Amino acid sequence: MDLMFTLYPYAKALHIMAVLSWMAGLFYLPRLYVYHVEQAEKIQEIIPIFLTMEDKLLRLIMRPAMIVTWVAGLFMVLTPGIVDWSYVWPWTKGASVIAMTVFHHWLLIRHKAFSRDQNTLSGRQYRLMNEVPTLLMVVIIVSVVFKF
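Residues numbered from 1 in each chain as written. Predicted model: local features only at pLDDT ≥ 70, side-chain atom pairs only at ≥ 80, totals over all residues. Heavy atoms only, no water.

Going by an unreviewed UniProt entry, the protein carries the name Protoporphyrinogen IX oxidase and comes from Parasedimentitalea maritima. A UniProt comment under Pathway (unreviewed entry) is attached to the protein, and it reads "Porphyrin-containing compound metabolism; protoporphyrin-IX biosynthesis; protoporphyrin-IX from protoporphyrinogen-IX: step 1/1." According to its UniProt record, the protein has this under Subcellular location (unreviewed entry): "Cell membrane". (UniProt positions renumbered as here; feature names shortened; annotations may be inferred.)

Structure representation (structure tokens):
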């Protein structure tokens, strides 16, 4: 237990850094999809460039950041005395993180559809979906800051 308390600030710092990286990807990838849809209609040669950028963002930045976010977050949650489960905030944060993970996987599915040239969504639809991580971020931050 003492080791967990000693490591807690390091886990928290790592968690914050990973969340920032993951969120950057969650904000940027839907925007890339907007450009992919809208520019691919005009310039076919640009499609492989978008696919490469999307793939690298998913594999090299977003996936590792999501994993580190989860591992560090679970470490903090499992540290005794840190979370009072009688409050609502840990449950709203947890549900939002799960929803964010589902959104991440939805983006991965959309990338696979682009790779197979089977995208069915418009730039406008991707613009709307770009708001999902923002809404989840608001719920998470309000939950953690106000601890209601």
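Its location among the elements puts His111 in helix α3 (residues 89-115). Discounting chain neighbours no more than four positions away, the residues touching His111 are Tyr33, Leu51, Glu54, Asp55 and Leu58. (Helix = DSSP H or I, 4+ residues; strand = E, 2+ residues; numbered from the N terminus. Contact = heavy atoms within 4.5 Å.)

Here the UniProt-annotated "binding site: heme" (unreviewed entry) positions come out as His15 and Lys93. In summary, the annotated positions, though distributed over 79 residues, converge in three dimensions, the widest C-alpha pair being only 14.0 Å. Checked against the lining of the largest pocket, the annotated residues reduce to His15 and Lys93. Not counting the four nearest positions on each side in its chain, His15 is found in contact with Thr69, Ala72, Gly73, Met76 and Lys93. Examined against the element boundaries, Lys93 turns out to sit in helix α3. Sequence-distant contacts of Lys93, that is, excluding residues within four places in its chain, are made with His15, Ile140, Ser143 and Val144. (1 Å grid on protein atoms, 1.4 Å probe; cavity = no way out; pocket = protein on both sides within 12 Å on 5 of 7 lines; lining within 4 Å.)

Mapping Glu54 onto the fold places it in helix α2 (residues 47-78). Along the chain, Glu54 and Phe114 lie 60 residues apart, while their C-alpha atoms are 9.8 Å from each other. Contact partners of Glu54, with chain neighbours within four places excluded, come to Leu29, Leu32, Tyr33, His36, His111 and Phe114.

Before going further, it helps to examine the pattern of salt bridges. As a working rule, side chains carrying opposite charge can pair if their charged atoms are close by. For the coordinates displayed, the defined rule picks out 2 salt bridges. Arg127 serves as the salt-bridge partner of Glu38, at 2.8 Å between the closest nitrogen and oxygen. With a gap of 89 residues between them, Glu38 in helix α1 (residues 2-40) and Arg127 in helix α4 (residues 123-129) connect regions that are remote in the sequence. Relative accessible area serves as the criterion here: at 33%, Arg127 is assigned to the partly exposed category. The partner of Asp55 in a salt bridge is Arg59, with the nearest N and O atoms 2.8 Å apart. Here Arg59 and Asp55 lie together in helix α2, a separation of 4 residues that amounts to about one turn. (Salt bridge = Lys/Arg side-chain N within 4 Å of Asp/Glu carboxyl O. Buried < 20%, exposed > 50% of the residue type's maximum accessible area, 1.4 Å probe, protein only.)

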